[in-house]
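So you can see what is in the structure, the chains are spelled out below.
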Amino acid sequence: MNATESSDATITGHLLDRLHSLGVTHLFGVAGDYNLRMLDEVLAHPGVQWVGTAGELGAAYAADGYARVRGFAALVTTHGVGELSAINGVAGSYAEHVPLLHIAVGPPRSKERDGAVAHHTLGDGDYEHFARAFRQVVCADAVVRPEDGPDEIDRVITTCLRESRPGYLRLPQDVALANAPSPSGALHRPDRHAADQYSLTAFVDAATRRIEAADTVSVLADCLVDRFDGRAALSDLLSAGSLPHAVVVSGKGVVDESAPHYVGLYAGACSDGAVRSAIDDADLLIRAGVRLADTTSGGFTHGYDPDRGISVDPTTASVDGVVFPNVGLPAALAALARLVEGRPTSAASTTTAPHLHRSSSGDNPLSQAYLWQAVGAAVRPDHTVIADQGTPLFGISPRRLPTGARFLAQPVWGSIGYSLPALLGAQLADRSRRGLLLIGDGAAQLTIQELGTLGRLRLTPVIVLVNNDGYTVERALHSPEAAYNDIAPWRWPDLPAALGVPEPLVLTARTEAELDHSLTTAAEVTDRLIFIEARTERDDTPLLLSRFAEIAKRQARKVQ
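Residues numbered from 1 in each chain as written. Predicted model: local features only at pLDDT ≥ 70, side-chain atom pairs only at ≥ 80, totals over all residues. Heavy atoms only, no water.

Caption draft 1: Inspection of the environment of leucine 499 at higher detail. Of note, leucine 499 is situated in the loop between helix H20 (495-498) and strand E18 (505-509). Looking at leucine 499, the relative accessible area reads 31%, which means it is partly exposed. In sequence terms leucine 499 and glutamate 450 are 49 residues apart; their C-alpha atoms lie 8.6 Å from each other. Contact partners of leucine 499, with chain neighbours within four places excluded, come to Ile448, Leu451 and Gly452. (Helix = DSSP H or I, 4+ residues; strand = E, 2+ residues; numbered from the N terminus. Buried < 20%, exposed > 50% of the residue type's maximum accessible area, 1.4 Å probe, protein only. Contact = heavy atoms within 4.5 Å.)

What follows is the structure, encoded as structure tokens:
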């Protein structure tokens, strides 16, 4: 029992204690009249700090970024209008396997019983509309009542931890303040290393035969390794066998990209030749937590057979399509590490050379190619890099990160504007690291208001905003001159101060030399928020995006 738990604790108190026991020390959200008295308890709690955001969508994105760093997060909204504003962010966490808890506080039970037409409802007396909507994007939910509130809270949180996905609690206003029964003990955390021994033994036997028969073995990794606590086991596997390995963009950061056998980013036919050869031509491909998605496989142009090789998933492993259930991802990777230990390095293990950046001394206009070379070279081991969907993600993802750097993105859900509030959450989750946000002008217009929240909390990240006059990704994919890809031309350098950021350092880079100067200054000035407006031509695109766009356009023509 935590120091703050007692037999006369409220439902809210129990909930906050449970969150705190999971390392959650910040609670995101927006105040509304239904949740105000609950928030009084939040303010009084010794271990949880309230973080009010400019909007509920920003709170959901911030919770997502926080959970990716801390392992869990929570947000609070008011009923109806608040929770529906957040549902897009919660859906993204579901798609990307990020565990967090959404708490929606609504009218008291007396209004529910009477079917009253209360504000923030649909006016029909049905108070379950929004809970039903959330069941599509969460792994567990509950309508909390005093008699079983703690048990239901624990059930939802435990399911979130087990499945690494969001959960949802609906709390009537009076229930949030009601006394809770005594806690039943500590939360049961899932044992990721657990495995059915019979199934594990069968998997090891099959994998042994497959590995012994293969001349070349390569590894492809994705984000589920991180979400299901397999990072250390994957590292052991890669070092034990000196195996050539790559990541898809959603898995960027799960391996040490400075390692000698890291070959680069795999994106199907969009990949560099050496990367594609190492993955597609391997006699045996081990897939660690890989989910094939159009955005991570070059529009499903992968050259390997998903029904062949060894696949390690959160709770199952398979060899050439034969599935071995109840084998946790870390346990399967640990078993494979023992099987490949001491395996001789093959010719396929030759790594591609890292990209180099040479600073410019001239006034050449800034291009996408130069921009991402320079930004990639500026990443430091203590950076948390957050890239928004669009030219930033396509530009930075092929660049190698130094050992220790973190990387956050949302390539499967792909909701533009995600990265700026996610930066807020990631920075609060680990203030020892500096955030490096990479975002386009179109994406930033969706969530720029959270820049004020960053400033209010005195956070000092580096923000690189790519001003290329609209939706360049959409222009690359279809109709570059169409009006629907245009956006309002904002005066970006004015925004940090206008939104309340104290003493921001604002820089503009139109040339290569100006960008190098801006990035050097950002590395030297660490006591304030740095905002760099990087201006590139509207139709200039990173190489990876150009490749992806050509494939997407060919595929679109086939279905017309």
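Caption draft 2: Broad picture of empty space enclosed by the protein. Considering all chains together, one arrives at three cavities of 30 Å³ or more under this definition. What the largest cavity holds in volume is close to 110 Å³. Lining of the largest cavity is provided by 13 residues; of these, Val249, Thr295, Thr296, Phe394 and Leu544 occupy positions nearest its centre. When residues of the lining of the largest cavity are traced back to their parent elements, those giving at least two are helix H15 (391-396) and helix H22 (543-559). (1 Å grid on protein atoms, 1.4 Å probe; cavity = no way out; pocket = protein on both sides within 12 Å on 5 of 7 lines; lining within 4 Å. Points joined across faces, edges and corners; volume = space filled by probe spheres on them.)

Caption draft 3: Here's a closer look at the nonpolar core. Core analysis: the biggest nonpolar cluster contains 84 residues, and Leu15, Phe28, Phe72, Leu101, Ile103, Ile157 and Leu169 have the highest contact counts within it. Take this core: its biggest share by element is eight residues, from helix H3 (residues 56-70). If we skip the residues at most four places from it in the chain, leucine 15 touches Met38, Leu101, Ile103, Ile153, Ile157 and Leu169. By size, the runner-up hydrophobic cluster in this structure holds 76 residues, among which are Ala207, Tyr262, Val327 and Ala337. (Core = buried A, V, L, I, M, F, W, Y, C linked by side-chain atoms within 4.5 Å.)

Caption draft 4: Representation of the packing of aromatic side chains within the structure. Applying the stated criterion across every chain yields a total of seven aromatic pairs. Between the aromatic rings of phenylalanine 394 and phenylalanine 548, the centroid separation amounts to 5.6 Å while the plane-to-plane angle is 45°, which identifies the pairing as tilted. Taken as a pair, phenylalanine 394 in helix H15 and phenylalanine 548 in helix H22 lie far apart in primary sequence, 154 residues in all. Across the pair, exposure class does not vary: phenylalanine 394 and phenylalanine 548 are buried alike. Arginine 165 extends its terminal NZ or CZ atom over the ring of tyrosine 94, reaching a point 3.9 Å from the ring centre. (Phe/Tyr/Trp six-rings, centres within 6.5 Å; stacked < 30°, edge-to-face > 60°. Lys NZ or Arg CZ within 6 Å of the ring centre and 35° of its normal.)

Caption draft 5: Local environment of the pairing of strand E16 (residues 434-440). For E16, the tally of buried residues reaches seven of seven residues, placing the bulk of the element in the interior. Judged from the five bridges that link them, strand E14 (residues 383-387) and E16 form a sheet pairing that is parallel. Its bridge partner being in E16, histidine 383 is matched across the sheet by arginine 434. Two elements, E16 and strand E17 (residues 462-467), share five bridges in a ladder whose sense is parallel. Bridged to isoleucine 439 within E17 is leucine 465. (Pairing = 2+ DSSP bridges.)

Caption draft 6: Highlighting the sheet that holds strand E13 (residues 322-325). Ordered by their spatial adjacency, seven strands build an open sheet running E9-E8-E7-E10-E11-E12-E13, and the pairing between neighbours is mixed. With one partner strand each, in any of the chains shown, strand E9 (262-265) and E13 form the two edges of the open sheet. Adjacent strand axes in the sheet meet at a mean angle of 15°, parallel and antiparallel pairs treated alike. Inspection of the sheet shows strand E8 (residues 245-247) paired to E9 by three bridges, in the parallel sense. Paired with alanine 246 across the two strands is glycine 264, which belongs to E9. Those strands touched by helix H13 (residues 329-340) are strand E10 (284-288), strand E11 (310-312) and strand E12 (316-319), and its axis lies near 140° from that of E11. (Axes fitted to C-alpha atoms, helices over the stretch in contact; angles between N-to-C directions.)

Caption draft 7: Here's a closer look at the packing of H3 against helix H4 (residues 81-95). Their axes nearest at 7 Å, the elements H3 and H4 cross at an angle of 30°. One element, H3, and the other, H4, form an angle in the roughly parallel class. For the pair H3 and H4, the crossing hand works out as right-handed. Seen from H3, the contacting residues are Glu56, Leu57, Ala60, Tyr61 and Asp64; seen from H4, they are Gly82, Ser85, Ala86, Asn88, Gly89, Val90, Gly92 and Ser93. Of the residues belonging to the contact of H3 with H4, the class tally is five nonpolar, six polar and two charged. (Parallel < 35°, antiparallel > 145°, perpendicular 65-115°, else oblique. Left-handed = near helix turned anticlockwise from the far one by under 90°. Nonpolar A, V, L, I, M, F, W, Y, C, P; charged D, E, K, R; others polar.)

Caption draft 8: Structural view of the state of the cysteines. As enumerated under the stated definition, the model contains zero disulfides in all. In this structure cysteine 139 is not part of a disulfide, and its nearest cysteine sulfur, from cysteine 160, lies 4.2 Å away. On the accessibility criterion, cysteine 160 (0% relative accessible area) is buried. (Disulfide = S-S within 2.5 Å.)

Caption draft 9: Structural detail: the pairing of strand E5 (residues 140-143). Note: E5 against strand E6 (residues 167-172), four bridges, orientation parallel. The residue bridging alanine 140 from the neighbouring strand is glycine 167, located in E6. Tracing the backbone out of E5, into helix H7 (residues 149-163) and back to the parallel element E6 gives a crossover that is right-handed. (Right-handed = clockwise from strand over helix to strand, strands pointing away.)

Caption draft 10: Molecular detail of the confidence of the model for the protein. Overall, the prediction assigns the protein a mean pLDDT of 93, with 96% of residues at 70 or greater. Confidence over residues 1-6 falls short of pLDDT 50; this stretch has 11 contacts with residues more than four positions distant or in other chains. (pLDDT = per-residue confidence, 0-100.)

Caption draft 11: Looking closely at the layout of surface pockets. The volume enclosed by the largest pocket comes to roughly 610 Å³. Lining the largest pocket are 34 residues, and of these Arg231, Gly253, Val254, Val255 and Asp256 sit closest to its centre. Only H3, helix H10 (224-227), helix H11 (231-241) and strand E15 (406-408) provide two or more residues apiece to the lining of the largest pocket. Here the lining of the largest pocket takes five residues from H11, the largest share from any one element. By residue class, the composition of the lining of the largest pocket is 15 nonpolar, 10 polar and nine charged.

Caption draft 12: Here's a closer look at H13. The end-to-end C-alpha separation of H13 is 17 Å, in line with the 16 Å expected for 12 residues at 1.5 Å each. Taken together, the buried positions of H13 are occupied by Leu329, Pro330, Ala331, Ala332, Leu333, Ala335, Leu336, Ala337 and Val340. The inward-facing, buried residues of H13 abut helix H9 (197-212), H10, H11, E10, E11 and E12. Once H13 ends, the next one or two residues include glycine 342, with phi positive near 80°. (Expected span 1.5 Å × (residues − 1).)

Caption draft 13: Region of interest: helix H21 (residues 512-524). Between its first and last C-alpha atoms H21 spans 19 Å; for 13 residues at 1.5 Å apiece the expected length is 18 Å, and the two agree. The elements touched by buried residues of H21 are helix H14 (368-378), E16, E17, E18 and strand E19 (530-535).

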